[in-house]
Number of protein chains: 2
Amino acid sequence: MPESVSGTVSGRRPTHPETSRIRLETVLSALADPVRLSIVGALADGHDDMACVAFDLPVSKSTSTHHFRVLREAGVIRQYYEGTARMSCLRVADLEERFPGLLTAVLDAERARRG
Amino acid sequence: MPESVSGTVSGRRPTHPETSRIRLETVLSALADPVRLSIVGALADGHDDMACVAFDLPVSKSTSTHHFRVLREAGVIRQYYEGTARMSCLRVADLEERFPGLLTAVLDAERARRG
DNA sequence: TTCGTAGTTTGACAATCGTCGTAGTACGAC
DNA sequence: GTCGTACTACGACGATTGTCAAACTACGAA
């Protein structure tokens, strides 16, 4: 967390990489974890925006935070606050622009893996 | 190395996963490394089959062996011997069958990253 | 058979990763 | 204000990963 500009404590202003700076290896390694893959799958199939709490992950709260952070810093999801709830949504358009077809293929594969 | 059936020393009969057993997370994490990504890129763009030695990787021999093994065990490449040379080729059709569009998208992204 | 080439195996190492519990912070409701 | 909820931060831990050098194996050629 390098530059937290204005007054608020860090963590309240999540940093997102610009689309042009999203790196392939980072995205792939972000997606290469079962917990994070299931988050991404849930975001894609379920509701577009979801709070962390809605995911019901098989890990502790702090581990959840960690995984969401990895996804956000990789450029896979965008996060913002809605009250105390951390909402997340997939950066579908950004990813499609940067790596055409990649997210679609991964989501298809993940869907097949589960259903 | 569980079951090496006939007499030969292990390592000479590389084990490849069946297409149906290729796992998404394993493939993604295999591709999430710059060295392995460059191997895959070289295999896709260059010649279909290449010996390890032809890749000119920025790592030692043993590290090379390690990376090829990860790719092979993930189901991304197929390997066989041609004399003492270990030849490698992408399992394009198998991957397309298992995870349609995935390899293509990754290769496009990798190509863009380099060119 | 001897030599060189190509790759593997082993064991080591530092770095990263996924996990947790505890403590802390921000917000909404009361 | 106080309380509860939702999440983050901070260590800590064991497991995995990427790396290497050294010793070894398999094959082809001289």
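So, here's what we can say about the structure.

## Describing the interface of chain A and chain B
- With 17 residues of chain A at the contact, the number on the chain B side is 17 residues.
- When residues of chain A are sorted by the area they lose upon contact with chain B, L24(A), E25(A) and L28(A) head the list and together hold 38% of the total.
- Inspection of the chain A/chain B interface yields 2 salt bridges.
- Across the pair R113(B) and E25(A) runs a salt bridge, and its minimum N-O distance is 3.1 Å.
- The interface formed by chain A and chain B holds 2 residue pairs in polar contact (both at pLDDT 80 or more) in total.
- Those elements giving two or more residues to the side of chain A that touches chain B turn out to be α1 (24-31), α2 (34-45) and α5 (102-114) of chain A.
- In terms of residues, the side of chain A that touches chain B owes the most to one element, α5(A), which gives 6 residues.
- For the side of chain A that touches chain B, the per-class residue count stands at 12 nonpolar, 2 polar and 3 charged.

## Here we look at the side chain of R72(B)
All names here are of chain B.
- Residue placement: R72 occurs in helix α3 (residues 61-74).
- The side chain of R72 sits in the buried core without any salt bridge; E73 is the nearest counter-charge, 4.4 Å away.
- From its side chain, R72 meets the backbone oxygen of T15 in a polar contact 3.4 Å long.
- Within the structure, R72 has its side chain in polar contact with the side chain of Q79 (distance 2.7 Å).
- Not counting residues up to four positions away in its chain, the partners in contact with R72 are P14, T15, H16, P17, I77, Q79 and R86.

## Some remarks on the pairing of strand β2 (residues 77-82) of chain A
All names here are of chain A.
- As judged from the 6 bridges shared by β2 and strand β3 (residues 85-90), these two strands associate in the antiparallel manner. Residue pairing across strands places Y81 opposite R86, the latter belonging to β3.
- Connecting β2 to the antiparallel partner β3 that follows it, the hairpin turn spans 2 residues, and G83 within it adopts a positive phi of roughly 70°.

## So, the pairing of β3(A)
Residues and elements named next belong to chain A.
- Judged by how many residues are buried, β3 sits mostly within the fold: 5 of 6 residues are covered.
- Direction of pairing for strand β1 (residues 50-51) relative to β3: antiparallel, over a ladder of 2 bridges. In the sheet register, A51 faces β3, and the bridge partner there is M87.

## Let's talk about the packing of α1(A) against helix α3 (residues 61-74) of chain A
Residue and element names in this part refer to chain A.
- The geometry of α1 relative to α3 is characterised by a closest axis approach of 9 Å and an angle of 155° between their N-to-C directions. As far as their axial angle goes, α3 and α1 are roughly antiparallel. Handedness of the α1/α3 crossing: left-handed. Contacts from T26, V27 and A30 in α1 reach V70, L71 and A74 in α3.
- A per-class count over the contact of α1 with α3 returns 5 nonpolar, 1 polar and no charged.

## Brief notes about empty space enclosed by the protein
All names here are of chain B.
- Evaluated as defined, the whole model comprises 1 cavity of 30 Å³ or more.
- If you go around the largest cavity, the residues you meet are V27, L31, V76, L95, F99, L102 and L103.
- At the level of secondary structure, the elements contributing two or more residues to the lining of the largest cavity comprise α1 (24-31) and α5 (102-114).
- Residues that form the lining of the largest cavity fall into these classes: 7 nonpolar, no polar and no charged.

## Details of the relation of the copies chain A and chain B
- Expressed as a screw transformation, the operator carrying chain A onto chain B has a rotation angle of 180° and an axial translation of 0.0 Å, and the superposed copies differ by an RMSD of 0.0 Å. Both chain copies can therefore be described as sitting about a two-fold axis.

Cut-offs and rules
Residues numbered from 1 in each chain as written. Chains lettered and ligands numbered in written order. Predicted model: local features only at pLDDT ≥ 70, side-chain atom pairs only at ≥ 80, totals over all residues. Heavy atoms only, no water. Contact = heavy atoms within 4.5 Å. Buried area = accessible area lost by both parts, 1.4 Å probe. Salt bridge = Lys/Arg side-chain N within 4 Å of Asp/Glu carboxyl O. Polar contact = N/O pair within 3.5 Å; in protein donor to acceptor, adjacent residues only side chain to side chain. Helix = DSSP H or I, 4+ residues; strand = E, 2+ residues; numbered from the N terminus. Nonpolar A, V, L, I, M, F, W, Y, C, P; charged D, E, K, R; others polar. Buried < 20%, exposed > 50% of the residue type's maximum accessible area, 1.4 Å probe, protein only. Lys, Arg positive; Asp, Glu negative; His and termini not counted. Pairing = 2+ DSSP bridges. Axes fitted to C-alpha atoms, helices over the stretch in contact; angles between N-to-C directions. Parallel < 35°, antiparallel > 145°, perpendicular 65-115°, else oblique. Left-handed = near helix turned anticlockwise from the far one by under 90°. 1 Å grid on protein atoms, 1.4 Å probe; cavity = no way out; pocket = protein on both sides within 12 Å on 5 of 7 lines; lining within 4 Å. Points joined across faces, edges and corners; volume = space filled by probe spheres on them. Least-squares fit on C-alpha atoms with pLDDT ≥ 70 in both.

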